[in-house]
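The chain contents come next:
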There are 2 protein chains.
Amino acid sequence: MGTNAKAMMETLGRQAREASVGMRMADTRCKNDALRRAAAVLRRERAEILAANEMDVRAGRDQGLDAALLDRLLLNDDRIEAMAEGLEQIAALPDPVGEIEHLTSRPSGIQVGRMRVPLGVIGMIYESRPNVTADAAGLCLKSGNAVILRGGSEAIHSNRVIAGCMRRAVLEAGLPQDAVQLVDSTDRALVGELIRAEDYVDVIIPRGGRGLIERIAAEARVPVIKHLDGVCHVYVDAAADLDMALNIAVNAKTQRPGVCNAMETLLVHADVAAAFLPRVVAALIERGVEVRGCERTRKLAEGVVPATDADWDAEYLALILAVKVVDSLEAAMAHIARHGSGHTESIVTEDYAAGQTFLREVDSSSVMWNASTRFADGYEYGLGAEIGISTNRLHVRGPVGLEGLTTQKWLVLGRGEVRE
Amino acid sequence: MGTNAKAMMETLGRQAREASVGMRMADTRCKNDALRRAAAVLRRERAEILAANEMDVRAGRDQGLDAALLDRLLLNDDRIEAMAEGLEQIAALPDPVGEIEHLTSRPSGIQVGRMRVPLGVIGMIYESRPNVTADAAGLCLKSGNAVILRGGSEAIHSNRVIAGCMRRAVLEAGLPQDAVQLVDSTDRALVGELIRAEDYVDVIIPRGGRGLIERIAAEARVPVIKHLDGVCHVYVDAAADLDMALNIAVNAKTQRPGVCNAMETLLVHADVAAAFLPRVVAALIERGVEVRGCERTRKLAEGVVPATDADWDAEYLALILAVKVVDSLEAAMAHIARHGSGHTESIVTEDYAAGQTFLREVDSSSVMWNASTRFADGYEYGLGAEIGISTNRLHVRGPVGLEGLTTQKWLVLGRGEVRE
């Protein structure tokens, strides 16, 4: 490419930092105006977006991208409309910026509280799906941040046009245009520069395959909000309502198997294994699931393939499920602690003590009681939208919405108080 | 030393991780019991602590440590009593762990909320003051974390005895003893291992000189909660009550000049410079402050040394102050944006619009209106205690108390709901 990656990223970074000052002070009406205008521009420029996307899809086909990747890359009228509607939905969400919490009076006479403010500059690194360009830019705008977008090289033409639409809308709304910038190059060195640009970028949010995210986490100097895996568990307790457990297990595995909050391992208490396993295994197999079970599972249910050690750590993202019989709640929790990825786990039980223990002791970003793991999602949690999922322990954990893109500063209101 | 640093840190790390599981589930009564027992053990072992401390002080004197360092290193009856009382105060604070926030019902039927949980394992790296051993261990225990303490080599004997007291109390209270571990070696390689022990340590909190913290931040793989500088500003607006401004400026500079929330630069609006500067400069000089001013300051007040460019970025931590006349609120905020360290800034004004603008637009961990910067402190903010100050943007900003040592997980309570 001949790009001078470092210089290019410095320019983008400086522009983003400057724009972030304007964004920090932008009022809600203005940010919502930008989002609604962006929706309108996307609809207006549909033909241009589709033409650019066709170039990407054609190039992808020539390069031999597989069908799943090509589908992710593809835009059509419905998907463009969904992007536009997504931006309008973000406009309709409450603005987290400026909220003042817990303003209390202290013995010294001062009032102390916390005000929610934007993080600053977000670096967004993602693969294939061009709609992320609009979604991520929208969430960053609404939360008062500037964003540097680095999409996959296979979507460069689509991303260029979509980012251009966003920038036009930002400018029309009177906000700094560089609040949305696309890294308009497929030079991989730019990713390396972006994740080390500590002076310009406050947080990196990667979305994509495990390989991409591991590489970013290993090399980044900027903090990374991320999750690697979703090895999610459902534990069917001795005191489970077995109809409910069946329903939840089938939903958690099959409703959308390719996503990170789908169940990958089912743990069943020995006391209900004989009653439950034949039913659930049959129901899963009927829906095309390959069931890989421990010895005890295989004795109780038909059609179960033997599980190997690797199965307990596997994130299948497919119609495959590992099943294990456990002797107690404690054994279930120990299995989760050892093999889970800290994403989402659910217990099915009517026993109050068992449910409470599971909720308290399981150390995952989402812990559920009598609900499908599929609910671990920004929309379902009421965040309005999500820019990603975090299994980090610091700052934000679980689905990341607008609030996760902000931080708080302390406010002190005095009347001349001094420290004694 | 011949220490195998990597193996030693792995042992400490594994033990801490295991202890953190027990700590995560410890109930409040048990943690408070450990803290009160620790206070009792410290009082009981006073003679042993003083004897160990004498060894450190004598060795420090032999090595030619300066008077300030020796004073920080020194323990006496009062300081040991203060440590014990500090632990009792932590026992009296509310336990942040287990708090459930914002449990709301979603259209799907599930209830969603967030539960506060410990971070896990804290790595605490600090210099000279042996009381940090008790303070940090106490805060980590109360917040349900395990801690690995790495104090300065000059305080190794004191730290060893104090950590031993804490461990005894933890064991007596029925908690896992390895919730408190001291790196009992002065091998510097261990710091390097600690800050890269991603599998065992969830966050590093360094306290000490800028050099130490910069080195840690540059080399750490584990997230670091830190601040580098406190270049704090007071801006005296055109609409300031000048008596109040005088009081605040004198307090912010002189009440305790050696700490990070002391004022280092005073900005004065040109409209009040002639009325204010002679008074404030005289009052400061009377209290032994060296005043370094811009040209305009020097024309208006007697005894002002010329400021150089370096003064606007200086953290003096001493009775020295940089003073600058600015033409507007915007110019003051621009100066702060350029030269501030994001720690604490205060505006003095009776003008509502100016105060509001300053509060909203100044991007520091604490922003104040008509109050001394010296209030930026965990006790003054009502946190009960602080383990450090953060100028990070992520996770925790400003004084870090018990809440900053915790994170939140999502809870989902259902009655068999599945995703449609």
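Residues numbered from 1 in each chain as written. Chains lettered and ligands numbered in written order. Predicted model: local features only at pLDDT ≥ 70, side-chain atom pairs only at ≥ 80, totals over all residues.

Asks: How should I be thinking about the overall build of chain A in this particular structure?
Replies: Scanning chain A for helices and strands turns up 14 helices and 16 strands. By principal-axis analysis of the C-alpha atoms, chain A measures approximately 70 × 65 × 35 Å. Classification of the 420 residues of chain A by burial places 54% in the buried group. Sequence-distant contacts, at least 24 apart, represent 72% of the contacts inside chain A between residues at least 6 apart. (Helix = DSSP H or I, 4+ residues; strand = E, 2+ residues; numbered from the N terminus. Buried ≥ 20, exposed ≤ 12 C-beta atoms within 10 Å, placed from the backbone. Contact = placed C-beta atoms within 7 Å.)

Asks: It is not clear to me how the pairing of strand β9 (residues 290-293) of chain A should be interpreted in this structure. Could you clarify?
Replies: Every other side chain in a regular strand lies on the same face of the sheet, so the side chains alternate between the two faces. All names here are of chain A. Where β9 and strand β11 (residues 320-326) come together, four bridges link them in parallel fashion. Its bridge partner being in β11, V291 is matched across the sheet by L321. Pairing of β9 with strand β10 (residues 305-306), which is carried by two bridges, proceeds in the parallel orientation. Bridge pairing in β10 links R292 to V305. Taken together, β9, helix α12 (residues 295-300) and β10 constitute a β-α-β crossover, and its handedness is right-handed. (Pairing = 2+ DSSP bridges. Right-handed = clockwise from strand over helix to strand, strands pointing away.)

Asks: Please explain the interface of chain B and chain A as it appears in this structure.
Replies: It is common to report an interface's size as the accessible area lost on association of the parts. Contacts between the two partners involve 54 residues from chain B and, on the opposite side, 54 residues from chain A. Elements represented by at least two residues in the side of chain B that touches chain A include exactly α1 (5-25), α10 (242-254), α14 (352-361), β13 (366-371) and β16 (406-417) of chain B. For the side of chain B that touches chain A, a count of residues per class yields 21 nonpolar, 18 polar and 15 charged. Across five bridges, strand β13 (residues 366-371) of chain A lies against β16(B) in parallel orientation. Within the sheet, the bridge partner assigned to A:W369 lies in β16(B) and is B:L413. (Nonpolar A, V, L, I, M, F, W, Y, C, P; charged D, E, K, R; others polar.)

Asks: What am I meant to see in the relation of the copies chain B and chain A here?
Replies: Note that the two copies of the chain are related through a rotation about an axis and a translation along the same axis. You can overlay chain B on chain A at an RMSD of 0.0 Å; the transform is a turn of 180° with a shift of 0.0 Å along its axis. The operation mapping one copy onto its partner corresponds to a two-fold rotation axis. Considering only C-alpha atoms, the part of chain B nearest the rotation axis is B:H395, at 1.8 Å. Of all interface residues in chain B, 100% are interface residues in chain A too; the two copies therefore contact each other through one and the same surface. (Least-squares fit on C-alpha atoms with pLDDT ≥ 70 in both.)

Asks: How should helix α14 (residues 352-361) of chain A be read in this particular structure?
Replies: In an α-helix, one full turn covers 3.6 residues, which means residues spaced three or four apart are oriented alike. Residues and elements named next belong to chain A. Every buried residue belonging to α14 is among A354, G355 and F358, and all of these are buried. Along the long axis of α14, the arc covered by the buried residues comes to 100°, so they all point the same way. Those residues of α14 that are exposed and aimed more than 90 degrees away from the buried face are Y352 and A353. Buried residues in α14 make contact with α13 (329-339), β12 (344-348) and β13. (Arc of directions from axis to C-beta.)

Asks: Even after reading the chapter, I still don't get the sheet that holds strand β5 (residues 180-182) of chain B, so can you show me in this structure?
Replies: Note: strands within a sheet are paired through backbone hydrogen bonds, in either parallel or antiparallel orientation. Residues and elements named next belong to chain B. One open sheet holds the four strands; their spatial order is β5-β4-β3-β6, and the pairing between them is parallel. Edge positions in the open sheet fall to β5 and β6 (203-207), since each of these has one partner strand only. The mean angle between the axes of side-by-side strands here comes to 20°, regardless of whether they run parallel or antiparallel. Of the strand pairs in this sheet, strand β3 (residues 121-126) and strand β4 (residues 146-150) are connected by five bridges, and their pairing is parallel. (Axes fitted to C-alpha atoms, helices over the stretch in contact; angles between N-to-C directions.)

Asks: Even after reading the chapter, I still don't get the packing of helix α5 (residues 77-92) of chain A against helix α6 (residues 131-142) of chain A, so can you show me in this structure?
Replies: Pairs of packed helices are described in terms of their axes, by the angle between the two and the distance that separates them. Residues and elements named next belong to chain A. Running from N to C, α5 and α6 cross one another at 10°; their axes reach a closest spacing of 10 Å. With respect to α6, the axis of α5 lies roughly parallel. On α6, the residues touching R79, M83, G86, L87 and I90 of α5 are N131, A134, D135, G138, L139 and K142. Looking at the contact of α5 with α6 residue by residue, the classes come out as five nonpolar, three polar and three charged. (Parallel < 35°, antiparallel > 145°, perpendicular 65-115°, else oblique.)

Asks: Explain the pairing of strand β16 (residues 406-417) of chain A here, please?
Replies: All names here are of chain A. Counting buried positions along β16 yields 10 of 12 residues, so the element is predominantly enclosed. Bridge count between strand β2 (residues 111-118) and β16: eight bridges; the pairing is antiparallel. Counterpart to M115 in the pairing with β16 is K409.

Asks: Sorry if this is basic, but what is going on with the domain arrangement of chain A here?
Replies: By the assigned domains, chain A splits into domain 1 (5-226 + 399-412) and domain 2 (232-375). One C-alpha centre belongs to domain 1 of chain A, the other to domain 2 of chain A; they are set 36 Å apart. (Domains from an automatic or database assignment.)

Asks: Would you mind going over the sheet that holds strand β3 (residues 121-126) of chain A with me for this structure?
Replies: All names here are of chain A. Here we have four strands laid out as an open sheet, ordered β5-β4-β3-β6, and parallel in their pairing. Lying at the two open borders of the sheet, with one neighbouring strand each, are β5 (180-182) and β6 (203-207). Averaged over all neighbouring strand pairs, the angle between strand axes comes to 20°, with direction disregarded. In this structure, β3 lies alongside β6, joined through five bridges in parallel fashion. Counterpart to G123 in the pairing with β6 is I204.

Asks: I tried to follow unusual backbone geometry on my own but got confused; where do I start?
Replies: Residues other than glycine predominantly adopt negative phi, and peptide bonds predominantly adopt the trans conformation. One non-glycine residue, B:L317, lies in the positive phi region at around 50°. Tracing the backbone shows B:L317 in the loop between β10 (305-306) and β11 (320-326).

Asks: Before we go on, may I ask you to explain the environment of A:A307 in this structure?
Replies: All names here are of chain A. Looking at where A307 falls in the secondary structure, it is placed in the loop between β10 and β11. In the structure, A307 is positioned 17 residues away from K324 in sequence and 8.9 Å away in space, judged by C-alpha atoms. Residue contacts for A307: discarding those within four places in its chain leaves R292, G293, C294 and A322.

Asks: Can you walk me through the environment of B:P118 in this structure?
Replies: Residues and elements named next belong to chain B. Here P118 is to be found in strand β2 (residues 111-118). C-alpha separation for the pair P118 and T406, spaced 288 residues apart in sequence, amounts to 4.3 Å. Leave out the neighbours within four places in its chain, and P118 touches M23, R24, V97, S143, G144, N145 and T406.

Asks: Where do I start with the environment of B:I347 in this structure?
Replies: Tracing the sequence through the fold places B:I347 in strand β12 (residues 344-348). On the basis of neighbour counts, which here come to 30 C-beta atoms within 10 Å, the residue B:I347 falls in the buried class.

Asks: What is the right way to look at the packing of helix α2 (residues 28-44) of chain A against α5(A) in this model?
Replies: Residue and element names in this part refer to chain A. Contact geometry for α2 and α5: axes closest at 8 Å, N-to-C directions at 170°. Taken together, the axes of α2 and α5 are roughly antiparallel relative to one another. Each of N32, L35, R36, A38, A39, L42 and R43 in α2 lies in contact with α5, whose residues at this interface are I80, M83, A84, L87, E88, I90 and A91. Within the contact of α2 with α5, the residues separate by chemical class into 10 nonpolar, one polar and three charged.

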